[in-house]
Amino acid sequence: MNKFTLPLLGIAAIALPLALPAVAGAQSSGGSNYQANLNPVADNMVDGSGTATVSLSGNQATISVTANRLLDSAPHAQHIHIKGSGECPKADAGHMHNGHVAISTTDGLPAYGKIGSSLTTKGDTSPGSALAVDRFPSTGSYHYTRTITVTPDVAQQIRANNAVVVVHGIDYNHNGKYDNVLGPSELDPKLPQEATAPAICGALNAMPTGAAGTGDGATQHTHGANTADLLATGLGGAAVAALAGTLILRRRAAAKR
Ligand SMILES: [Cu+2]
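What counts as what
- Along every chain, residues carry numbers that run from 1 in the direction the sequence is written.
- Restriction of local features to residues with pLDDT of at least 70 applies here, the model being predicted, together with a cutoff of 80 or more for giving and counting side-chain atom pairs; totals for whole chains, interfaces and linings are based on all residues.
- Excluding hydrogens and water, the side-chain figures rest on all heavy atoms present in the structure.
- The numbering of helices and of strands both runs from the N terminus, where a helix is a DSSP run of H or I of at least 4 residues and a strand a run of E of at least 2.
- The buried label goes to any residue with under 20% of its type's maximum accessible area, the exposed label to any with over 50%, and the partly exposed label to all in between, with areas taken from a 1.4 Å probe on protein chains only.
- Contacts are residue-level and defined by heavy atoms, with any inter-residue pair within 4.5 Å sufficient.
- Only the protein chains shown count as covering a residue, and every accessible area follows the Shrake-Rupley method with a 1.4 Å probe.
- Distances define the donors: N, O and S atoms within 2.8 Å of the metal qualify, as do those within 3.2 Å of Na, K or Ca. Water is excluded, so some sites may look unfinished.
- Asp and Glu count as negative and Lys and Arg as positive, but His and the ends of the chain are not part of the count.
- In what follows, salt bridge is the name for a side-chain nitrogen of Lys or Arg lying within 4 Å of a carboxyl oxygen of Asp or Glu.
- Two N or O atoms form a polar contact when they lie within 3.5 Å of each other; inside protein one atom must be a possible hydrogen donor and the other a possible acceptor, and for residues adjacent in sequence the pair counts only when both atoms belong to side chains.
- When two cysteine sulfur atoms lie within 2.5 Å, the pair is treated as a disulfide.
- Nonpolar cores are built from buried Ala, Val, Leu, Ile, Met, Phe, Trp, Tyr and Cys residues. Side-chain atoms within 4.5 Å join them into one set.
- A strand pair is defined by DSSP finding two or more bridges across the two strands.

**Q** So, the overall build of the protein chain: which residues are in play, and what are the values?
**A** Across its full length, the protein chain holds six helices and 11 strands. Burial statistics for the protein chain: of 257 residues in total, 46% are counted as buried. Long-range contacts, defined as pairs at least 24 residues apart, comprise 71% of the intrachain contacts of the protein chain with a sequence gap of at least 6. Accessible area for the protein chain stands at about 12,300 Å²; split by element, carbon and sulfur atoms hold 58% of it.

**Q** Outline the coordination of the copper ion, listing residues and values.
**A** Around the copper ion, the protein supplies His-79 (ND1), His-81 (NE2) and His-168 (NE2) as donor atoms, at distances of 1.9 to 2.0 Å. The sequence pattern describing where the donors of the copper ion fall on their chain is H-x1-H-x86-H. Residue His-81 is located in strand β4 (residues 78-83), and its partner His-168 is located in strand β9 (residues 163-168); the two are separated by 87 residues in the primary sequence. Like His-168, His-81 is buried.

**Q** Which residues make up the side chain of Asp-171, and what values go with them?
**A** For Asp-171, the location among the structural elements is in the loop between β9 and α4 (193-196). Buried charge without a partner: Asp-171 forms no salt bridge, and the closest opposite charge is Lys-177, 9.0 Å away. Looking at Asp-171, its side chain comes within polar contact range of the main-chain nitrogen of Asn-175, at 3.1 Å.

**Q** So what's going on with the state of the cysteines? Residues and values would help.
**A** Evaluation of the coordinates by the stated rule reveals one disulfide. A disulfide bridge connects Cys-88 with Cys-201, and the sulfur atoms are separated by 2.0 Å. Across the S-S bond of Cys-88 and Cys-201 the torsion is about -95 degrees, and the bridge reads as left-handed. Residue Cys-88 is found in the loop between β4 and β5 (95-97), and its partner Cys-201 is found in strand β10 (residues 198-203); the two are separated by 113 residues along the sequence. Overall, Cys-201 belongs to the buried group, its relative accessible area being 2%.

**Q** Report on the pattern of salt bridges, specifying residues and quantitative values.
**A** Inspection of every chain in the model, using the stated rule, returns three salt bridges. Between Glu-87 and Lys-90 there is a salt bridge whose closest N-O contact spans 3.8 Å. Of the charged contacts in the structure, one is a salt bridge between Asp-188 and Lys-190, with a shortest N-O distance of 3.4 Å. You can call Asp-188 buried: its relative accessible area is 18%. Since its relative accessible area comes to 73%, Lys-190 is described here as exposed.

**Q** Can you tell me about the nonpolar core, naming the residues and giving the values?
**A** Grouped together as the largest cluster of nonpolar side chains are 34 residues, with contacts concentrated most on Leu-38, Val-54, Leu-56, Ile-63, Val-65, Ile-80 and Ile-158. Those elements that place two or more of their residues in this core are β1 (33-40), β2 (49-57), β3 (60-68), β4, β8 (142-149), α3 (152-159), β9 and β10. A per-element tally of this core places β3 first, with four residues. Discounting chain neighbours no more than four positions away, the residues touching Val-65 are Leu-38, Thr-51, Ala-52, Gln-78, Leu-119, Tyr-142, His-143, Tyr-144 and Val-167. Core analysis: the second largest hydrophobic core is formed by seven residues, Val-41, Tyr-112, Val-164 and Cys-201 among them.

**Q** An account of the pairing of β10 is needed here, citing residue identities and associated values.
**A** Here β10 lies mainly inside the structure; five of its six residues are buried. In this structure, β9 lies alongside β10, joined through five bridges in antiparallel fashion. Bridge assignment links Val-166 to a residue of β10, and that residue is Cys-201.

**Q** Give me the lowdown on the pairing of β4, citing residues and values where you can.
**A** Burial runs high along β4: five of the six residues are buried. As judged from the five bridges shared by β4 and β9, these two strands associate in the antiparallel manner. Bridged to Gln-78 within β9 is Val-167. Where β4 meets strand β7 (residues 113-118), five bridges bridge the pair, whose relative direction is antiparallel. Looking at β7, one finds that Ile-82 is bridged to Lys-114.

**Q** Can you break down the side chain of Thr-196 residue by residue, with the values?
**A** Inspection of the secondary structure assignment puts Thr-196 in helix α4. Here Ser-185 takes part through its side chain, which lies 2.8 Å from a polar atom of the side chain of Thr-196. Leave out the neighbours within four places in its chain, and Thr-196 touches Thr-105, Leu-131, His-168, Gly-169, Ser-185, Leu-187 and Leu-191.

As far as function goes, none of this settles anything; it's purely spatial.
Spelled out as structure tokens, the structure:
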């Protein structure tokens, strides 16, 4: 907040009751598309990155995941995680694993939550397929897309902007394979920790309706202004209401961090 926005807050507070129904209306009428930027998980020596999108209609979800520069010729389990803090683990989530600080899947649970859907290439997509290593992408760079039925829990968490996409499988010591540098996985001791540790991660957030890819939220602002026009008179009420809407959205965004 700067000295310019501070005096406007008083005006925004007056406009808030006008803007609130408009913002709520915009959310219920849209917001069925979600996106995440997948960034390297802290501590895990990952250079890769990616993106994910979810288009949700009822409990039908069309999910796309693009991953780049992960370990090649190795399976990458990928999931929608839910009911955590809706974020990716930070460096302080790391623990010692065979003498090395790294973030295992379990270490990240408070941040991203438990597995809601397994983004397999075929067959079952329940948490039971979390480590179905023969049904996940197995190249370092890939584009995955599949339409699946998610549970009501998963759909609700996506709509609440509290779902996180996680792609697993790291090469901590950069030797070109999953080995036991971090010891065995706590999820399945037959697998190396490297095979199940989170590699890239991103929180899914709603894309503004009609502003796909711009992140501008223009449609929501227009909606808010139109509603306020009917209610407010004089002194640029519409602009103030739009500003209040912006502040609400920013505060929500800030609260998510
Ligand atoms: Cu996962």
